[in-house]
Amino acid sequence: VTQAQWEAVTNGNPSFFDGDNRPVERVTWNDIHEDFLERIDDDFRLPSEAEWEYACRAGTETRFYWGDDPGYNNIGDYAVYTSNDPGGTAVVGTKQPNAWGLYDMIGNVYEWCEDYYHDSYNGAPADGNAWNDNGSSRVLRGGSWINDPRYCRSAYRVGNNPDNRGFYYGFRLLLVH
């Protein structure tokens with residue numbers, strides 16, 4: 001979700017790195033639910049962690065959606081990360097998309113997912129739904145402009161408090177059919 005999209009819905013912009021076509025950042029998981037999703041059509045929601053990874057991988061089983069890239073030789077073509085960041089976030093869609101045409105699945109900003117964070121996948125829903133028990137942290141995926149390449153892998157995940165407002169935390173939405 002870009003800053004322009006966030007502003008159109010909320011009439012504000014929490015982002016540190018200003019630009020209509022940059023991803024909105026400094027949004028908490030709670031902000032997304034209370035300030036954005038509550039004001040738009042019920043046809044949109046945060047993806048579950050499983051849905052996010054499925055979309056990121058775009059049918060691949062490699063470390064990155066363009067291949068394993070063990071020497072990180074090609075990551076700069078696909079992700080905004082610490083070695084090529086423009087001093088913060090970049091305009092969305094400036095790097096190569098994955099095979100399904102999805103841009104910025106890794107790098108630029110971490111993306112909030114619906115799930116509560118768990119240390120492992122033991123007991124995770126087998127149907128791809130969000131893991132919605134009573135944990136204290138929510139899942140973020142994809143790495144960001146501030147990360148080294150190893151944190152921008154398709155499988156990398158981290159948990160954080162749903163009230164945490166990082167200048168590298170954003171989100172994307174899933175269209176519900």
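This text goes with the structure placed above it.
Here we summarise the structure given alongside this text. Given the structure is predicted, the values throughout are model-derived calculations rather than measurements.

1. Things to note about the sheet that holds strand 3 (residues 138–141)
Okay, step 1: The mixed open sheet is built from four strands, whose spatial order is 4-3-2-5. Each of the sheet's edge strands pairs with one partner strand only, and the pair in question is strand 4 (157–160) and strand 5 (169–170).
Okay, step 2: Note that strand 3 and strand 4 share four bridges and pair antiparallel. Looking at the pairing, Arg-138 lines up with Asn-160 of strand 4.
Okay, step 3: Across the sheet, helix 2 (residues 29–36) is in contact with strand 2 (110–116) and strand 3; its angle to strand 2 comes to roughly 85°.

2. Digging into the layout of surface pockets
Okay, step 1: Within this model, the largest pocket holds a volume of roughly 560 Å³.
Okay, step 2: Val-1, Phe-171, Arg-172, Leu-173 and Leu-174 are, among the 25 residues lining the largest pocket, the residues nearest its centre.
Okay, step 3: No other element matches helix 3 (residues 49–57), which puts four residues into the lining of the largest pocket.
Okay, step 4: Its residues placed into classes, the lining of the largest pocket shows 17 nonpolar, four polar and four charged.

3. Some thoughts on the pattern of salt bridges
Okay, step 1: On inspection of all chains with the given rule, the structure shows eight salt bridges.
Okay, step 2: Across the salt bridge formed by Glu-53 and Arg-141, the nearest N and O atoms sit 2.7 Å from each other. Of the two residues, Glu-53 sits in helix 3 while Arg-141 sits in strand 3, which places them 88 residues apart along the sequence. For the residue pair Glu-53 and Arg-141, the accessibility class agrees, reading buried in each case.
Okay, step 3: When the shortest N-O distance is used, the salt bridge between Asp-148 and Arg-150 registers 3.7 Å.
Okay, step 4: Overall, the relative accessible area of 32% leaves Asp-148 in the partly exposed class.

4. Details of the state of the cysteines
Okay, step 1: Applying the stated criterion across every chain, the model contains zero disulfides.
Okay, step 2: The thiol sulfur of Cys-152 is not disulfide-bonded, and the nearest other cysteine sulfur, from Cys-56, lies at 10.0 Å.

5. Some points on the packing of helix 1 (residues 3–10) against helix 2
Okay, step 1: For the pair helix 1 and helix 2, the least separation of the axes is 10 Å and the interaxial angle reads 50°. Classed by the angle they form, the pair helix 1 and helix 2 counts as oblique. Seen from helix 1, the contacting residues are Gln-5, Trp-6, Val-9 and Thr-10; seen from helix 2, they are Asp-31, Ile-32, Asp-35 and Phe-36.
Okay, step 2: Of the residues belonging to the contact of helix 1 with helix 2, the class tally is four nonpolar, two polar and two charged.

6. Things to note about helix 1
Okay, step 1: Looking at helix 1, one finds that the buried residues are Gln-3, Trp-6 and Thr-10. Angularly, the buried residues of helix 1 cover 65° about the axis, an arc narrow enough to put them on a single face.
Okay, step 2: Here the buried face of helix 1 lies against helix 2.
Okay, step 3: Of the residues flanking the end of helix 1, it is Asn-11, one or two places downstream, whose phi is positive at about 65°.

Reading the values: the criteria
- Residues numbered from 1 in each chain as written.
- Predicted model: local features only at pLDDT ≥ 70, side-chain atom pairs only at ≥ 80, totals over all residues.
- Heavy atoms only, no water.
- Pairing = 2+ DSSP bridges.
- Helix = DSSP H or I, 4+ residues; strand = E, 2+ residues; numbered from the N terminus.
- Contact = heavy atoms within 4.5 Å.
- Axes fitted to C-alpha atoms, helices over the stretch in contact; angles between N-to-C directions.
- 1 Å grid on protein atoms, 1.4 Å probe; cavity = no way out; pocket = protein on both sides within 12 Å on 5 of 7 lines; lining within 4 Å.
- Points joined across faces, edges and corners; volume = space filled by probe spheres on them.
- Nonpolar A, V, L, I, M, F, W, Y, C, P; charged D, E, K, R; others polar.
- Salt bridge = Lys/Arg side-chain N within 4 Å of Asp/Glu carboxyl O.
- Buried < 20%, exposed > 50% of the residue type's maximum accessible area, 1.4 Å probe, protein only.
- Disulfide = S-S within 2.5 Å.
- Parallel < 35°, antiparallel > 145°, perpendicular 65-115°, else oblique.
- Arc of directions from axis to C-beta.

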